[in-house]
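Examination of the molecular architecture
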Amino acid sequence: MRNQFDRQLTSLNSELIAMGEMVEESIENAIDAMVNKDEEKAKANVEFDDEIDRKMRDIEALCMKLLMKQQPVASDLRLISAALKMITDMERIGDHAADISEMSIYLAGVGHRPKMDIIKKMAAQSMVMVVDAIQAFVEKDLKKAEEVYNKDDIMDALFVEAKEKLIETIRERSDVAEIAADLLLISKYLERIGDHAANIAGWVIYSISGVRR
C-alpha cells in the first residue's frame, strides 16, 4: 500500500512541476507579446490559460485521491495540503498572465507608448521569483524558498516606482494618459504575480519544515 502511495506522490510532484512550467511559459509569452506588440501570441496565451486551469483540476483530483484512499503521515499531509495551496497560486498567476495578454492585444495597435523599462524590470523579477519558487519545490531547497519569499519586498518597491512614474506620465502627457493607465494596471498584475510566487515559496517552506510563513 505504501509503495502505491509513494508512486502517487511521485506523480503529484511531476504534475506540480509540469504546471509550474506551464505558468512560466504563460508569463514569458505574455511579456514577449506586450513588449513586441505580438497580437497573435497574446491571443494564443489567453487561450493557453484554459490548459493551466485543466492541469489544476487534474492535480486537485490526484490530491483528493491521496487524501481519501491512502493513509498519509504528517509529512505527507503537509506536502499534499501545500500542493493544493500552490496550484491555486499558480492558477492565479496564469490568470494574471492572461490578463496582461488581453491588454497586450489592445496595446499592439497603439503607435506610441510611454517607456516601459520599469515594467520590463518588474516582469523579469516576477519571472525569476516564479522559476525559483518552483525550483525550490523540486529541489526541496529551503534556503531558495526563503530567498523567494523575501524578494516580495523587491517587487513591492518596483511597483511603487512604476506607479509613481506612470501617474506622473498621466498628469503630464494627456496624449498617452490612457495607455499609461493600462500600463499601470499591467504593473499591478505583475506585482500580484510576485505575491503569488512568494505564496508558493511560503508553501514550499511549510512542506519542508512544517512552519507556515
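You'll find the structure just up there.
1. Thoughts on the overall build of the protein
Each helix and strand in the protein was counted, giving 7 helices and 0 strands. Along the protein, helices (α) and strands (β) appear in the sequence α-α-α-α-α-α-α when read from the amino end. Judged by the C-alpha coordinates and their principal axes, the protein covers about 65 × 30 × 20 Å. The burial tally for the protein puts 49% of its 213 residues in the buried class. Taking as baseline every contact in the protein between residues at least 6 positions apart, the subset at least 24 positions apart corresponds to 83%. When the accessible surface of the protein is split by element, carbon and sulfur atoms take 49% of a total near 10300 Å². With 29 positive and 41 negative side-chain charges, the protein shows a spacing of 4 Å between the two charge centroids.

2. Looking at unusual backbone geometry
Even without being glycine, Lys-37 reaches a positive phi, approximately 55°. If you trace the backbone, Lys-37 turns up in the loop between helix 1 (2–35) and helix 2 (39–69). On the basis of relative accessible area, Lys-37 is assigned to the partly exposed category, the value being 30%. Not every positive phi belongs to a glycine, and Lys-140 is a case in point at roughly 50°. Assignment of secondary structure puts Lys-140 in the loop between helix 4 (117–139) and helix 5 (142–150). Residue class for Lys-140 comes out partly exposed when judged on its relative accessible area of 38%.

What counts as what
Residues numbered from 1 in each chain as written. Predicted model: local features only at pLDDT ≥ 70, side-chain atom pairs only at ≥ 80, totals over all residues. Heavy atoms only, no water. Helix = DSSP H or I, 4+ residues; strand = E, 2+ residues; numbered from the N terminus. Buried < 20%, exposed > 50% of the residue type's maximum accessible area, 1.4 Å probe, protein only. Contact = heavy atoms within 4.5 Å. Areas by Shrake-Rupley, 256 points an atom, 1.4 Å probe, with all protein chains shown as cover. Lys, Arg positive; Asp, Glu negative; His and termini not counted. Charge placed at Lys NZ, Arg CZ, Asp CG, Glu CD.

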